[in-house]
Amino acid sequence: MPGTDTKDIRLITAVPGPKSRALMERRRAAVARGPFHGTPVFVESAHGALLTDADGNRFIDLASGIGVVNCGHTPEPVVKAVREQAGRLLHASFNTTPYEPYVELCERLNAKAPGAFAKKSFLANSGAEAVENAVKIARAHTGRPAVVCFEHAFHGRTWMAMTLTAKAKPYKYGFGALCSDVYRAPFPYAYRGPATAAEAFARFKEVAAVQTAPSQVAAVIIEPVQGEGGFLPAPREFLAALRAFCSEHGIVLIADEIQCGFGRTGTLFASEQLGFEPDLITTAKGLAGGMPLSAVTGRAEMMDAPVEGAIGGTFGGNPSAVAAALAVLGMFESGGVLPRAKALGDALRSRLESWKAAYALVGDVRGLGPMLAVELVKDRATKEPAPEAVKAVVKHCYENGVIVLSAGSYGSCLRFLPPLVTTDAQLAEALDVVEAGLKKAGG
Ligand SMILES: Cc1ncc(COP(=O)(O)O)c(C=O)c1O
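Every chain is numbered on its own, with residues counted from 1 as its sequence reads. Thresholds applied to this predicted model are a pLDDT of at least 70 for local features of residues and 80 or more for the giving and counting of side-chain atom pairs; totals over whole chains, interfaces and linings are not thresholded and use all residues. Side-chain figures throughout are based on the complete set of non-hydrogen atoms in the structure, without hydrogens or water.

K.L.:
For this particular structure, what's the right way to read the overall build of the protein chain?
P.N.:
Counting from the N terminus, the helices are DSSP H or I runs at least four residues long and the strands are E runs at least two residues long. A tally of regular secondary structure across the protein chain gives 14 helices and 18 strands. The atom set for the radius of gyration is the C-alpha atoms, and the globule formula is 2.2 Å times the number of residues raised to the power 0.38. For 443 residues, the compact-globule estimate of 2.2 N^0.38 gives 22 Å, and the C-alpha radius of gyration of the protein chain, at 21 Å, lies within 12% of that figure. Structurally, the protein chain occupies a C-alpha span of about 60 × 60 × 45 Å along its principal axes. Only protein chains enter the area calculation, which uses a 1.4 Å probe; residues under 20% of their type maximum are buried, those over 50% are exposed, and those in between are partly exposed. Looking at the 443 residues of the protein chain, the share that counts as buried comes to 56%. A contact between two residues is defined here by any heavy atoms of the two lying within 4.5 Å. When contacts within the protein chain are restricted to residue pairs at least 6 apart in sequence, those whose partners lie at least 24 apart make up 71%. Accessible surface, the protein chain: about 17,700 Å² in total, of which carbon and sulfur atoms supply 57%. Each charge sign in the protein chain was given a centre, from 46 positive and 43 negative side chains, and these centres are 4 Å apart. The accessible surface values rely on the Shrake-Rupley method and a 1.4 Å probe; as for residues, cover is taken only from the protein chains in view. Asp and Glu are treated as the negative residues and Lys and Arg as the positive ones, with His and the ends of the chain left uncounted. Taken as the charge location is NZ of Lys, CZ of Arg, CG of Asp or CD of Glu.

K.L.:
Quick question: what am I supposed to make of the sheet that holds strand 2 (residues 50-53) here?
P.N.:
Sheet strands pair by backbone hydrogen bonding; their relative direction is either parallel or antiparallel. The mixed open sheet is built from four strands, whose spatial order is 1-2-3-16. The open sheet has two free edges, formed respectively by strand 1 (43-47) and strand 16 (402-403), since each of these has just one partner strand. Across four bridges, strand 1 lies against strand 2 in antiparallel orientation. Looking at the pairing, Ala-46 lines up with Leu-51 of strand 2. Between any two strands, at least two bridges found by DSSP are needed for them to pair.

K.L.:
Explain the packing of helix 13 (residues 387-399) against helix 14 (residues 424-440) here, please?
P.N.:
Direction vectors running N to C along helix 13 and helix 14 enclose 135 degrees, while the axes themselves pass 8 Å from each other. With respect to each other, helix 13 and helix 14 are oriented oblique. Two packed elements cross with a definite hand, and for helix 13 against helix 14 that hand is right-handed. Judged by residue contacts, Val-393, His-396 and Cys-397 of helix 13 engage Val-433, Val-434, Ala-436, Gly-437, Leu-438 and Lys-440 from helix 14. Here the nonpolar group is Ala, Val, Leu, Ile, Met, Phe, Trp, Tyr, Cys and Pro; Asp, Glu, Lys and Arg are the charged ones; every other residue, Gly included, is treated as polar. For the contact of helix 13 with helix 14, a count of residues per class yields six nonpolar, two polar and one charged. The axes used here are C-alpha line fits, helices contributing only the stretch in contact, and every angle between their N-to-C directions lies in the interval 0 to 180 degrees. Convention used here: angles under 35 degrees read as roughly parallel, angles over 145 as roughly antiparallel, angles from 65 to 115 as roughly perpendicular, and any remaining angle as oblique. Crossing handedness: left-handed means the near helix sits turned counterclockwise from the far one by under a right angle, and right-handed means the same turn made clockwise.

K.L.:
Looking at this structure, I do not really get helix 7 (residues 197-211). What am I missing?
P.N.:
Note that an α-helix has 3.6 residues per turn; residues three or four places apart therefore point the same way. For helix 7, which comprises 15 residues, the first-to-last C-alpha distance of 20 Å matches the rise-based estimate of 21 Å (1.5 Å per residue) to within 8%. Among the residues of helix 7, those classed as buried are Ala-197, Ala-200, Phe-201, Phe-204, Val-207 and Ala-208. What you see down the axis of helix 7 is that its buried residues fit within an arc of 120 degrees, all on one side. Exposed side chains of helix 7 directed beyond 90 degrees from the buried face belong to Ala-198, Val-210 and Gln-211. How far a helix is expected to stretch is found by multiplying one less than its residue total by 1.5 Å. Arc definition: directions from the helix axis to the C-beta atoms.

K.L.:
What is the right way to look at the state of the cysteines in this model?
P.N.:
Here, disulfide denotes a covalent bond that connects the sulfur atoms of two cysteines. To count as a disulfide, a pair of cysteine sulfur atoms needs to be within 2.5 Å. Within this structure, the stated rule accounts for zero disulfides. Cys-179 provides the cysteine sulfur closest to Cys-149, a residue in no disulfide bond, and the two sulfurs are 11 Å apart. Its relative accessible area of 0% is what places Cys-149 among the buried residues.

K.L.:
Help me out: how do you make sense of the environment of Met-302 in this one?
P.N.:
With respect to the helices and strands, the residue Met-302 is situated in helix 10 (residues 300-303). A relative accessible area of 8% places Met-302 in the buried class. Linking Met-302 and Asp-279, residues 23 residues apart in sequence, is a C-alpha distance of 8.2 Å. Once you skip the residues sitting within four places of it in the chain, Met-302 turns out to touch Ile-137, His-141, Val-252, Asp-279 and Leu-280.

K.L.:
Would you mind going over a nonpolar patch on the surface with me for this structure?
P.N.:
A grouping of Trp-159, Phe-175 and Leu-178 is seen on the molecular surface, where their side chains present a nonpolar patch of about 300 Å² in accessible area. Looking at the element boundaries, Phe-175 is found in the loop between helix 6 (159-164) and strand 6 (182-185). Its relative accessible area of 45% is what places Phe-175 among the partly exposed residues. Patch building starts from residues that exceed 30% relative accessible area and form no salt bridge, then joins like charges within 9 Å and nonpolar side chains (Val, Leu, Ile, Met, Phe, Trp, Tyr) within 5 Å. When a carboxyl oxygen of Asp or Glu is within 4 Å of a side-chain nitrogen of Lys or Arg, the pair counts as a salt bridge.

K.L.:
Can you walk me through the domain arrangement of the protein chain in this structure?
P.N.:
The parts lose accessible area when they come together, and the size of an interface is often stated as this lost area. Here the domain parsing of the protein chain yields domain 1 (18-61 + 337-440) and domain 2 (76-333). Residue ranges for the domains trace back to a domain assignment, done automatically or taken from a database. Here the C-alpha centre of domain 2 lies 26 Å away from the C-alpha centre of domain 1. Linking domain 1 with domain 2 are two salt bridges. A salt bridge links Glu-375 to Arg-192; its shortest N-O distance comes to 2.6 Å. N or O atoms within 3.5 Å of each other form a polar contact, as long as, within protein, one can give a hydrogen and the other can take it, and as long as residues adjacent in sequence are counted only when both atoms are side-chain atoms. Taken together, the connections running from domain 1 to domain 2 amount to 12 residue pairs in polar contact (both at pLDDT 80 or more). Contributing elements (two or more residues each) for the side of domain 1 that touches domain 2: helix 12 (337-358), strand 13 (362-368), strand 14 (371-379) and strand 18 (413-416).

K.L.:
Is there a simple way to think about the sheet that holds strand 10 (residues 252-256) in this case?
P.N.:
Pairing is mixed across the open sheet formed by seven strands, whose spatial order is 4-12-11-10-7-5-6. Bordering the open sheet on either side are strand 4 (119-124) and strand 6, each of which pairs with just one other strand. Across the sheet, the mean angle separating the axes of adjacent strands is 20 degrees when strand polarity is ignored. Across the sheet, helix 4 (residues 100-112) lies against strand 4 and strand 12 (294-299), angled at about 130 degrees from strand 4, the strand it touches most. This element, helix 7, spans strand 5 (146-150), strand 6 and strand 7 (217-222) of the sheet and lies at about 155 degrees to strand 6.

Following this line, the structure appears as structure tokens:
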């Protein structure tokens, strides 16, 4: 049986174990094919950076439920806040009878988001829903139709969000007509091009000023660090040029921080350390530490553009989800999470750089803070992507007690999204497993 002699990983069956395999049979019979599983293991409980499956196997988590449990699995303050809130008020619908925690969360998000201007917030349920609403707000504010987005972007699976998402398969494939008036510009991708911020911005201008006209553009939407696209950080100069262009032309600049926000890059918002002040910011994932919640935060006059009743919903800003988010903010404010995130980022980066020096398979190491990925290639000269190697490493990892995710337009990246409370020992133990997988996949 693989890897049972270490401290945190504990495997008592082969993975997936008999209970996970039986549950997968039930899943196949009862659940639609669409939802994909990176790992064929049914999780039963999780705490901190550790996750236990239905067979009692214990894993180190380098995925955080796709970048959600940044403060760790089931952090005590968050669980306590959810329990208390659930006992007091489970649901009211902010559209029916408002409640104070929703307002408090908006106040705190307004105060924390980058930019010294008056802000307002709006709460929804999922990342995609925040993106949809940000675009609605931008269109209502400007009265213009067009939206410019980027190659390798991921913004979600609802109609506008899926239109803004770059990759056709599987996200858009077979679903018919997409939204109109969406234009796509190249994203600065140092490893594969456009190689420089200046080149990428020149290409962006061609799209925004030639394929459409700036006077027609309601919004530009960008992930300051692309997530699903393969952990590509936008250079500061590129973001500054976008900022100037949007200000000049009255275009709403939206930062999608759904994956890169809430401490994932070592600051609460990635925009902070990139010197970036977008007009609107979308957040979700880490915002409520595991509860479904998203937000749009931005310039008050823009946020007020949709008329009363034009944005909202039955569940958006659910009281327990809001209580969770307030507890998450409390954890950030108490001071331990971000310094730990930075230390984790340093340790992770130095290990990944050592792999680049040692293994030809590792073509690139990139990201920001502890939001880091390696891109695997078949050949360093041609940079041909190696998605098969990524799949092999992911499989090796779960079979040996580590949960890790792939990413990238070509499926060629291994992305690391450890809970920010992961200890040095846990990180080292998990990365030993990943490294063994890399060696096995051809090194
Ligand atoms: C940057 C970004 N935007 C939007 C989304 C969509 O979020 P959700 O899956 O909650 O709809 C994601 C999800 O991965 C994301 O990474």
